[in-house]
Amino acid sequence: MRPLPYASAFVVALSLPVLALTAAAPAAADGSDSTFSFQDDRITESSGLAASRKHPGIYWTHNDQDEPRVFAVDSRTGETVATVTLKGVGKPRDMEAVSVGPDGRVYVGDIGDNLNGTWPHVWIYAFPEPAELRDTTVKATQYTVVYEDGARDAEALMVHPRTGRVYIASKSQDGSGLYEAPKTLSPSGKNVFRRIADDLPWVTDGAFSPDGTRLVLRTYLSARGYEWKPEGRLGGDDRVKAPIQRQSEGVSYTLDGSALMFGSEGQGAEVERVTVKDAGKGARSGGGSSKGGGTASGDSADGSDGDGAVDLTTAALVGAGALGLLLVLKRLFRRN
């Protein structure tokens, strides 16, 4: 994924004071997955994150523009314990998301489109989650995906943990949409994804809660949680407290649903654990707010609360980030 230059500079500027003012998160006291950093030098652009169903504490990730491969990473050490290479698929263009379905398969979304509409179709690759974690090559199934309203950029693919239905959230500054796959994906022909929700934030990844009652969508600067109705539609939404990272690209619930794991791009990038309790109402399973679906009235498009209730820490970080951004821009102007 290649962010817009100004957006990238803004996120980096915001990240600097956060790194200076906050300490590393402690290990989880309840014994579940804790904050970790990728130790594998090959993982330089972690663009998706998904908790393994077969192997507690293991997370699947991948680079965006890479070979057809995914990495299994141990959250206790940050070490890669298996590299799975996919055969039977074409050359990936821009892999942006990964999710594990109730059918025991890992789904990889080759759905990115940096030029927002260049590709007439995109792909999803699916392979059985291996019972043993070791370097291996597996045969994957390739699905061709088109959108009913035309090509678009996307970075979030989510498989519902109960129904197994696949969803994609597009990425647009003008309002992202949520798309629903056919009930069953077909490896032959085209799978048409229908738009079922509008006015979502600028989505970089998403994840369903393990019980299937919540959908969390993250952006570069924040995240939003939605009630997931039994009929497969969005309900009420609330803010989710997400860490500010260098380039916010991944999110996953832990296997037990007790926390959210937030990932970022970059070599040695950190995956930060935030308990569901600390993440706020938007991350908690069971019940939603009284607000309607989509971006709630009075809330900003990036998922932050729009009621002006900003705490002193947030204000300080934003101020420091703005100062850092001004310094960056000043240096650029000097160079020019």
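Here goes a summary of the coordinates provided.

Cut-offs and rules
- Residues numbered from 1 in each chain as written.
- Predicted model: local features only at pLDDT ≥ 70, side-chain atom pairs only at ≥ 80, totals over all residues.
- Heavy atoms only, no water.
- Helix = DSSP H or I, 4+ residues; strand = E, 2+ residues; numbered from the N terminus.
- Buried < 20%, exposed > 50% of the residue type's maximum accessible area, 1.4 Å probe, protein only.
- Contact = heavy atoms within 4.5 Å.
- Areas by Shrake-Rupley, 256 points an atom, 1.4 Å probe, with all protein chains shown as cover.
- Pairing = 2+ DSSP bridges.
- Axes fitted to C-alpha atoms, helices over the stretch in contact; angles between N-to-C directions.
- Phe/Tyr/Trp six-rings, centres within 6.5 Å; stacked < 30°, edge-to-face > 60°.
- Lys NZ or Arg CZ within 6 Å of the ring centre and 35° of its normal.

## Topic: the overall build of the protein chain
- On a plain count of helices and strands, the protein chain comes out with three helices and 21 strands.
- Taken over 336 residues, the protein chain has a buried fraction of 53%.
- A separation threshold of at least 6 residues defines the contact pool for the protein chain, and within that pool the share at least 24 residues apart is 57%.
- Split by element, the accessible area of the protein chain, about 14,900 Å² in all, is 52% carbon and sulfur.

## Description of the sheet that holds strand S16 (residues 214-218)
- Taking strand neighbours across the sheet as the criterion, the four strands line up as S15-S16-S17-S18 in an open arrangement whose pairing is antiparallel. Either end of the sheet is taken by a strand with one partner, and the two such strands are strand S15 (205-208) and strand S18 (234-240). For this sheet the average axis-to-axis angle between neighbouring strands, irrespective of direction, equals 20°.
- Bridge count between S16 and strand S17 (residues 223-228): five bridges; the pairing is antiparallel. Bridging from a neighbouring strand, Arg-214 pairs with Glu-227 of S17.

## Topic: the packing of aromatic side chains
- Evaluated as defined, the whole model comprises nine aromatic pairs.
- Relative to Phe-38, the ring of Phe-36 has its centre 5.6 Å away and its plane inclined at 90°; by these criteria the two rings are edge-to-face.
- Given a relative accessible area of 3%, Phe-38 falls into the buried group.
- Members of the aromatic cluster, connected to one another through ring pairs, are Phe-36, Phe-38 and Tyr-59.
- Above the ring of Trp-119, the side-chain terminus of Arg-93 is found at 4.1 Å from the ring centroid.
- Across from the ring centre of Trp-123, 4.3 Å away, lies the NZ or CZ of Arg-93, which sits over that ring.

## Quick word on the pairing of strand S4 (residues 69-74)
- For S4, the tally of buried residues reaches six of six residues, placing the bulk of the element in the interior.
- Residues Arg-69, Phe-71 and Val-73 point to one face of S4 and Val-70, Ala-72 and Asp-74 to the other, with burial holding for every one of them.
- As judged from the four bridges shared by strand S3 (residues 58-62) and S4, these two strands associate in the antiparallel manner. Residue pairing for S4: Ile-58 is matched across the bridge by Asp-74.
- As consecutive antiparallel partners, S3 and S4 are separated by six residues.
- Here S4 folds back onto strand S5 (residues 80-87), and the loop between the two strands holds five residues, one of which, Gly-78, carries a positive phi near 80°.

The values reported here are purely geometric and, on their own, carry no functional implication.
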